[in-house]
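Listed here are the chains, written in short residue letters.
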Amino acid sequence: MFHRFMGGLLASVLAAGAPALAVAQDRDEGEGLSFEADALFVFQGDANLERSGTFSANRSFASIGAELPLGERASIEFEAGFGGTDYDFSGVSGFPLANELGWVQQNEISLRFSYSASDRLEFFLEPGLSLNGESGADSGDGTTSELLAGFTWQFNPRLIIGPGVGLFESLVGDDDVIPILLVDWQISDSVSLSTARGLAASRGPGLTLSWQANDAWSFGIQGRFEDVQFRLDNNHGAASGGVAEEAYTPIVATASWRPTEMIEVMGFAGVATGGEFTLYDASGKELSTQTYDDASLFGLVATIRF
């Protein structure tokens, strides 16, 4: 499964689904339980497949998370994400993935335990479960588990770096142990560089360069390596009951509006590049691979904190 997380230079140092960074510090017991809800919509335009035909995709996810302080230095977080991708293939021949492929569900739940050993040092442990598959596929055959663990160190008020490790189960082939590096660097009062985190089933590494224009508006550039495997139903010829894998790299410009501490809306537009589909049969044997041309994409993320 190691190839799922290789996205050039970024993937050599960043791991999929890495936890968001926070400055390690004493927690206020009076804060109590807090919540965050997110919704993501991505529209990906038509792309030509390598051999024949085109496809487009609409991707949508929603997640809700809760954080509960456990004393002054520890906390536990729960997150559940639900959604998927609606694929639309046209004029494709000789590629069984395109046979009646429509909605692919991509759901995930996770827990995160954090402990601040000091004002600079914080440890984290995050187990999770994912379900990726067509609605007609056996849900048990599309479920995988993962475990992230590591720590972050605050070198100074502007820089936090943390190494760790990720254990990921694959739907095909061997499972993998992947190194993690988390970064949160406040380059100046208005410019920052940090590891990018996706919603729910988004499991690839990424980086975000952000500029805070004022209290309400920020702008940025984000690049990620997205890679998702999903279980197929029994309508795909030699690939029936097998696994499909889609990998691509979205590079987007972002604009975020945060009128209050509770509400944030981010729009983005860019291109999906380096796209590739890989098909496996029910035994995990690779059947075929098809690349696809670059495609335009744009979308919206809305966040509510309470």
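This one's a predicted model, so the numbers in the text were calculated from it and none came from an experiment.

On to the overall build of the protein, then. Scanning the protein from terminus to terminus reveals 1 helix and 16 strands. When the 306 residues of the protein are sorted by exposure, 45% land in the buried category. Counted over contacts in the protein with a minimum sequence separation of 6, partners at least 24 positions apart contribute 60%. Of the roughly 13,900 Å² that the protein leaves accessible, carbon and sulfur atoms contribute 58%.

Core analysis: the biggest nonpolar cluster contains 28 residues, and Phe-55, Tyr-87, Phe-89, Leu-97 and Phe-277 have the highest contact counts within it. Those elements that place two or more of their residues in this core are β1 (34-48), β2 (54-70), β3 (74-90), β13 (243-257), β14 (263-280) and β16 (295-305). For this core, the element with the most residues is β14, which contributes 4 residues. Apart from the residues within four sequence positions on either side, Leu-97 is in contact with Phe-89, Phe-230, Leu-232, His-236, Ala-244, Phe-277 and Leu-279. With 6 residues, the next largest nonpolar core counts Phe-124, Phe-168, Ile-178 and Ile-180 among its residues.

So, about unusual backbone geometry. Positive phi, close to 60°, is recorded for Glu-100, a residue that is not glycine. By the element assignment, Glu-100 lies in the loop between β3 and β4 (103-116). Given a relative accessible area of 64%, Glu-100 falls into the exposed group.

On to the confidence of the model for the protein. Per-residue pLDDT for the protein has a mean of 86; in total, 87% of the residues score no lower than 70. Low confidence marks residues 1-29, where pLDDT is under 50. Its contacts with residues over four positions away, or in another chain, come to 101 contacts. Here residues 198-202 is a poorly scored stretch, pLDDT under 50, and it has 18 contacts once near neighbours within four places are set aside; other chains count.

Glancing now at the environment of Phe-61. With respect to the secondary-structure elements, Phe-61 resides in strand β2. Residues Phe-61 and Gly-81, 20 residues apart in the sequence, show an inter-C-alpha distance of 6.8 Å.

Before going further, it helps to examine the pairing of β1. Sheet topology places β1 next to β2; 13 bridges connect them, and they run antiparallel. Paired with Phe-43 across the two strands is Asn-58, which belongs to β2. In terms of strand pairing, β1 meets β16 through 9 bridges, oriented antiparallel. The residue of β16 that forms the bridge with Phe-43 is Phe-298.

A surface patch of nonpolar side chains, amounting to about 880 Å² of accessible area, comprises Phe-78, Phe-82, Ile-109, Leu-111, Phe-113, Leu-125, Leu-129, Leu-147, Val-165, Leu-167 and Val-177. Of all the secondary-structure elements, those providing two or more residues to the nonpolar patch are β3, β4, β5 (121-134) and β7 (159-168). Structurally, the position occupied by Val-165 is in strand β7.

Turning to the side chain of Arg-224, a few remarks are in order. Mapped onto the secondary structure, Arg-224 falls in strand β11 (residues 217-224). Engagement of the side chain of Arg-224 in a polar contact is seen with the side chain of Glu-226, the distance being 3.1 Å.

The tally for this structure, following the rule as stated, stands at 9 salt bridges. The salt bridge involving Arg-112 is made with Glu-77; its shortest N-O contact spans 3.3 Å. Here Arg-112 is found in strand β4, whereas its partner Glu-77 is found in strand β3, with 35 residues between them in sequence. Exposure remark for Arg-112: the relative accessible area of 8% places this residue in the buried category. Relative accessible area serves as the criterion here: at 24%, Glu-77 is assigned to the partly exposed category. Here Asp-189 ties to Arg-158 by a salt bridge, and the two come within 2.5 Å at their closest N and O atoms. Linking Asp-189 in the loop between β8 (176-186) and β9 (191-195) with Arg-158 in the loop between β6 (143-156) and β7, this pair joins segments that are 31 residues apart in sequence.

Looking now at the environment of Asp-175. Of note, Asp-175 is situated in the loop between β7 and β8. Considered as a pair, Asp-175 and Glu-146 are 29 residues apart in the sequence and their alpha carbons are 9.7 Å apart. A polar contact of 2.8 Å, which involves the side chain of Asp-175, links it to the backbone nitrogen of Ser-170.

Rules of the game
Residues numbered from 1 in each chain as written. Predicted model: local features only at pLDDT ≥ 70, side-chain atom pairs only at ≥ 80, totals over all residues. Heavy atoms only, no water. Helix = DSSP H or I, 4+ residues; strand = E, 2+ residues; numbered from the N terminus. Buried < 20%, exposed > 50% of the residue type's maximum accessible area, 1.4 Å probe, protein only. Contact = heavy atoms within 4.5 Å. Areas by Shrake-Rupley, 256 points an atom, 1.4 Å probe, with all protein chains shown as cover. Core = buried A, V, L, I, M, F, W, Y, C linked by side-chain atoms within 4.5 Å. pLDDT = per-residue confidence, 0-100. Pairing = 2+ DSSP bridges. Patch = residues over 30% accessible without salt bridge, like charges linked within 9 Å, V, L, I, M, F, W, Y side chains within 5 Å. Salt bridge = Lys/Arg side-chain N within 4 Å of Asp/Glu carboxyl O. Polar contact = N/O pair within 3.5 Å; in protein donor to acceptor, adjacent residues only side chain to side chain.

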